[in-house]
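Remarks on the overall topology
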Amino acid sequence: AKITFVTTDNESIILEGASGSIMQLAVDNGVSGIDGDCGGVCSCATCHVHVAPEHVEKTGEASEIETDMLELNDHANEYSRLCCQIEITDALDGLVLQVAESE
Ligand code: FES
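Residues numbered from 1 in each chain as written. Predicted model: local features only at pLDDT ≥ 70, side-chain atom pairs only at ≥ 80, totals over all residues.

Per an unreviewed UniProt entry, the protein chain is named 2Fe-2S iron-sulfur cluster binding domain-containing protein, and its organism is Aquimarina algiphila. Checking UniProt for the protein chain, the heading Sequence similarities (unreviewed entry) contains the comment "Belongs to the adrenodoxin/putidaredoxin family." Of the protein chain, the UniProt comment under Cofactor (unreviewed entry) reads exactly: "[2Fe-2S] cluster". (UniProt positions renumbered as here; feature names shortened; annotations may be inferred.)

Structure representation (structure tokens):
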């Protein structure tokens, strides 16, 4: 699936991934602002993104543990996800994610 990351500098980075998490795809390709410090176990929030409003139904809902992490985050909004919790599938093709501010 083709996934577009919009960084906090407003740079668009388009990446192609077949499997694994979106966080891993971003980290492997050096997307700035996605650090994946916890390795994808939903405990660091350094993979915070905002899903484009028109794409929220593609990515589904945040899990309870993910929501709990996001509640602690000042930049979280209704479009927030921790992208280590989003598995890449073909259905996500065309997804646009805004990388969240980290502080
Ligand atoms: Fe740590 Fe997603 S990589 S919460």
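Alright, that's what it looks like, and here's the rest.
1. Re the environment of S43
Along the chain, S43 falls in the loop between helix 1 (22-28) and strand 3 (48-51). Of the residues examined, S43 has 13 C-beta atoms within 10 Å and is grouped as partly exposed. Measuring from C-alpha to C-alpha, the distance between S43 and V56 comes to 22 Å, with 13 residues separating the pair along the chain. (Helix = DSSP H or I, 4+ residues; strand = E, 2+ residues; numbered from the N terminus. Buried ≥ 20, exposed ≤ 12 C-beta atoms within 10 Å, placed from the backbone.)

2. Points about the environment of S102
The topology assignment puts S102 in the segment after strand 5 (95-99). Residues S102 and D90, spaced 12 residues apart in sequence, show a C-alpha to C-alpha distance of 29 Å. Not counting residues within four places of it along the chain, the set of residues in contact with S102 comprises G33 and T46. (Contact = placed C-beta atoms within 7 Å.)

3. Some thoughts on the sheet that holds strand 3
Sheet architecture is open: 5 strands sit in the order 2-1-5-3-4, paired in mixed fashion. Looking at strand neighbours, the two that pair on one side only are strand 2 (12-16) and strand 4 (80-82), the edges of this open sheet. When strand polarity is set aside, the average angle formed by the axes of neighbouring strands in this sheet is 35°. (Pairing = 2+ DSSP bridges. Axes fitted to C-alpha atoms, helices over the stretch in contact; angles between N-to-C directions.)

4. A closer look at the pairing of strand 5
Burial of strand 5 is one-sided: the residues L95, L97 and V99 facing one way are buried, the residues V96 and Q98 facing the other way are not. Sheet topology places strand 1 (residues 2-6) next to strand 5; 4 bridges connect them, and they run parallel. Looking at the pairing, T4 lines up with V96 of strand 5.

5. Considerations on unusual backbone geometry
Residues other than glycine predominantly adopt negative phi, and peptide bonds predominantly adopt the trans conformation. The residue N10 is not glycine, and still its phi comes out positive at about 65°. Within the secondary structure layout, N10 lies in the loop between strand 1 and strand 2. The backbone phi angle of C42 is positive, close to 65°, even though this residue is not glycine. Here C42 shows up in the loop between helix 1 and strand 3.

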